[in-house]
Amino acid sequence: MMDLLDRVYAAWGDADAFAALYRADATVVMPGVFRQGRDAVRESMAAAWAGPLQGSRPVDEPVDVREFGDTTVVVSRAGILLPGETSLAPSARRLATWVLHRGEVAAYTNTPGVA
């Protein structure tokens, strides 16, 4: 199921392709943000890529992967590099948790990470 994360990052910048990898009832929780459903994911990412995240690229390093039947939980060190950046500033580091189920993202959450 880890290939799903590869597909998520390959779709970075394309809101339709990105959101298509999320379940229709997926949830996304980040500091100050709650998105519920594939359509909300598509809308918020389209706005982000048209604005502050234009030309960005994700960084994600899995540190814990656990499989439970057809569900995989991945905890990773993550962040977003803006154009011209080559490494994550401490303030941009996140700890993320992915819940992957049957080839789709069921849930994603992140919180400010540690150095």
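Scoring rules and cut-offs
Residues numbered from 1 in each chain as written. Predicted model: local features only at pLDDT ≥ 70, side-chain atom pairs only at ≥ 80, totals over all residues. Heavy atoms only, no water. Helix = DSSP H or I, 4+ residues; strand = E, 2+ residues; numbered from the N terminus. Buried < 20%, exposed > 50% of the residue type's maximum accessible area, 1.4 Å probe, protein only. Pairing = 2+ DSSP bridges. Polar contact = N/O pair within 3.5 Å; in protein donor to acceptor, adjacent residues only side chain to side chain. Contact = heavy atoms within 4.5 Å. Axes fitted to C-alpha atoms, helices over the stretch in contact; angles between N-to-C directions.

Visitor: Where do I start with unusual backbone geometry in this structure?
Guide: Where the residue is not glycine, phi is negative for most of them; where a peptide bond is considered, it is trans in most cases. The phi dihedral of R102 falls on the positive side, at around 50°, and the residue is not glycine. Note on placement: R102 falls in the loop between β5 (94-101) and β6 (104-112).

Visitor: Quick question: what am I supposed to make of the pairing of strand β4 (residues 71-81) here?
Guide: In the case of a regular strand, side chains alternate between the two sheet surfaces. For β4, a buried count of eight out of 11 residues is recorded, marking the element as mostly surrounded by other parts of the structure. Relative to β4, strand β3 (residues 57-68) runs antiparallel, the two sharing 11 bridges. Its bridge partner lying in β4, D60 is registered against A78. Pairing between β4 and β5: eight bridges, direction antiparallel. Along β5, the bridge assignment pairs S76 with A96.

Visitor: Is there a simple way to think about the side chain of S76 in this case?
Guide: Residue placement: S76 occurs in strand β4. Within polar-contact distance, the side chain of S76 engages the side chain of D60 at 3.0 Å. The residues contacting S76, other than those within four sequence positions of it, are D60, E61, P62, V63, R94, L95, A96 and W98.

Visitor: Is there a simple way to explain the sheet that holds strand β2 (residues 33-36) in this structure?
Guide: Strand pairing in a sheet is mediated by backbone hydrogen bonds. Such pairs are either parallel or antiparallel. Within the open sheet, the six strands sit side by side as β2-β1-β6-β5-β4-β3. Their pairing is mixed. In the strand order of this sheet, the two ends are held by β2 and β3, each with one partner. Adjacent strand axes in the sheet meet at a mean angle of 15° when their direction is disregarded. Two elements, strand β1 (residues 22-30) and β2, share four bridges in a ladder whose sense is antiparallel. Paired with T27 across the strands is Q36, a residue of β2. Helix α3 (residues 38-50) rests against β1, β2 and β6 of the sheet, and its axis sits at about 55° to β1.

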